[in-house]
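# Report on the structure
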Amino acid sequence: MSLLFSFIIIIIILLFLRWALSLAPWVPTRKEAIFRLWDLLDIKPWESFLELGSGDGRVVSFLAKKNPESQFIGIEIVPYLYVVSLLRKYFWKQSNLEFKIWNAFKEDFWRYTHIFVFWLPESIRDTVLPKLEKEAKIGTKLYSYAFSFPKEYMHKVESFWTPNEQKIHIYTKK
Ligand SMILES: C[S@@+](CC[C@H](N)C(=O)[O-])C[C@H]1O[C@@H](n2cnc3c(N)ncnc32)[C@H](O)[C@@H]1O
């Protein structure tokens, strides 16, 4: 009985932590938009791509498959989505792809040249952009699907329509 009770308490704590650390709920990027992102992504073999909150891994796996010479990393905080991502990687046999399970906000941005995010505007404004400004190299591109950037950043942003009527906004650190 006490074992069951401890188990339930642990699950509640984990759910709370997941909620507290999460910067966006899981809503996957649509297939047409992933194709558009692939069009827009000009990644060189020596460059690396990071997806913040990679969900079930569909975006980063697809891009890694299309760019086998570059490195791709997806970070996801929700355990079952992380497990689905690992299965995807396993079945597609992708050696240039890595998934991590933890708070993406703790990842150092400096080693990435391309960063993709599908998070709410508040999370982009309050967490992603300040961290990008502090850590990322000049020229690093931040791709935001659906949600744009605050006004004061717009002079560094280009926006492109996707077939499903959402935009991909690309911010370049200068
Ligand atoms: C809107 S979904 C987008 C999923 C995926 N990027 C896609 O485009 O299909 C946002 C994802 O970010 C994850 N997430 C939210 N906060 C996070 C954090 N602090 N660290 C890692 N992942 C996080 C959520 O669990 C969710 O899977």
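Presented here is a report on the structure given in the accompanying data block. Residue numbers restart at each chain and count upward from 1, following the sequence in its written direction. Confidence filtering applies because this is a predicted model: local features only for residues at pLDDT of at least 70, side-chain atom pairs given and counted only at 80 or more, and all residues used for totals across whole chains, interfaces and linings.

On to the overall build of the chain. When helices and strands are tallied, the chain shows five helices and seven strands. Scanning the chain from its N terminus toward the C terminus, one meets helices and strands in the order α-α-β-α-β-α-β-β-α-β-β-β. With C-alpha atoms as the basis for the radius of gyration, the globule rule is written as 2.2 Å multiplied by the number of residues raised to the power 0.38. Rg of the C-alpha trace for the chain: 17 Å, near the compact-globule value of 16 Å for 174 residues, within the 12% margin. In terms of overall dimensions, the chain has C-alpha extents of about 60 × 40 × 30 Å along its principal axes. Two residues qualify as being in contact provided that their C-beta atoms, derived from the backbone, are within 7 Å of each other. Long-range contacts, defined here as pairs at least 24 residues apart, represent 69% of the contacts in the chain between residues at least 6 apart. Helix numbers and strand numbers start at the N terminus; a helix is a DSSP run of H or I with at least 4 residues, a strand a run of E with at least 2.

Moving on, we come to the site of the ligand. Residues in close proximity to the ligand total 24 residues, the closest being Thr29, Gly53, Gly55, Ile77 and Ala104. Charged residues are taken to be Asp, Glu, Lys and Arg, nonpolar residues to be Ala, Val, Leu, Ile, Met, Phe, Trp, Tyr, Cys and Pro, and polar residues to be all remaining types, Gly included. Its residues placed into classes, the shell around the ligand shows 15 nonpolar, six polar and three charged. To decide nearness, the C-beta atom of each residue is placed from the backbone, and the residue is near a molecule or strand if that atom lies within 6 Å of it.

Moving on, we get to the pairing of strand β6 (residues 157-161). As judged from the five bridges shared by β6 and strand β7 (residues 167-172), these two strands associate in the antiparallel manner. Bridged to tryptophan 161 within β7 is lysine 167. DSSP calls a pair of strands paired once it identifies at least 2 bridges connecting them. The antiparallel hairpin formed by β6 and β7 contains five residues in its connecting segment, where glutamate 165 sits at a positive phi of about 65°.

All right, on to the sheet that holds strand β5 (residues 141-145) then. Taken in spatial order, the seven strands line up as β3-β2-β1-β4-β5-β7-β6 in an open sheet, and their pairing is mixed. Edge strands, defined here as strands with exactly one partner in the open sheet, are β3 (97-101) and β6. In this sheet, neighbouring strand axes are inclined to one another by 20° on average, regardless of whether the strands run parallel or antiparallel. The sheet contact formed by strand β2 (residues 71-76) and β3 spans five bridges and is parallel. Each bridged residue has a counterpart across the sheet, and for glycine 74 the counterpart in β3 is phenylalanine 99. Along the sheet, helix α2 (residues 31-40) contacts β5, β6 and β7; its crossing angle with β7, the most-contacted strand, is approximately 30°. Each of β1 (48-52), β4 (114-117) and β5 is contacted by helix α5 (residues 121-135), which is oriented at about 165° to β5, the strand it contacts most. Helix axes are fitted only over the stretch in contact, all axes being lines through C-alpha atoms; the angle between N-to-C directions runs from 0 to 180 degrees.

Working definition: the nonpolar core is a set of buried Ala, Val, Leu, Ile, Met, Phe, Trp, Tyr and Cys residues, joined through C-beta atoms within 7 Å. Residues are called buried when their C-beta atom has 20 or more other C-beta atoms within 10 Å, exposed when it has 12 or fewer, and partly exposed otherwise; all C-beta atoms are positioned from the backbone. Grouped together as the largest cluster of nonpolar side chains are 34 residues, with contacts concentrated most on Leu52, Phe72, Ile115, Val117, Val128, Leu142 and Tyr143. For this core, the secondary structure elements donating two or more residues are α2, β1, α3 (58-66), β2, β4, α5, β5 and β7.

Time to look at unusual backbone geometry. What is expected of a backbone is that most residues other than glycine have negative phi and most peptide bonds are trans. Phi is positive for alanine 146, which is not a glycine, with a value near 75°. With respect to the helices, strands and loops of the structure, alanine 146 is situated in the loop between β5 and β6. Note on alanine 146: 19 C-beta atoms within 10 Å, which makes it partly exposed. Of note, glutamate 165 is a non-glycine position whose phi angle comes to about 65°, a positive value. Structurally, the position occupied by glutamate 165 is in the loop between β6 and β7.

Every buried residue belonging to α2 is among Ala33, Ile34, Arg36 and Leu37, and all of these are buried. An end-on view of α2 places all buried positions within 160° of arc, on one side of the element. Among the exposed residues of α2, those oriented more than 90 degrees off its buried face are Lys31 and Asp39. The secondary structure elements touched by the buried residues of α2 are α3, β5, β6 and β7. The directions considered for the arc run from the helix axis to the C-beta atoms.

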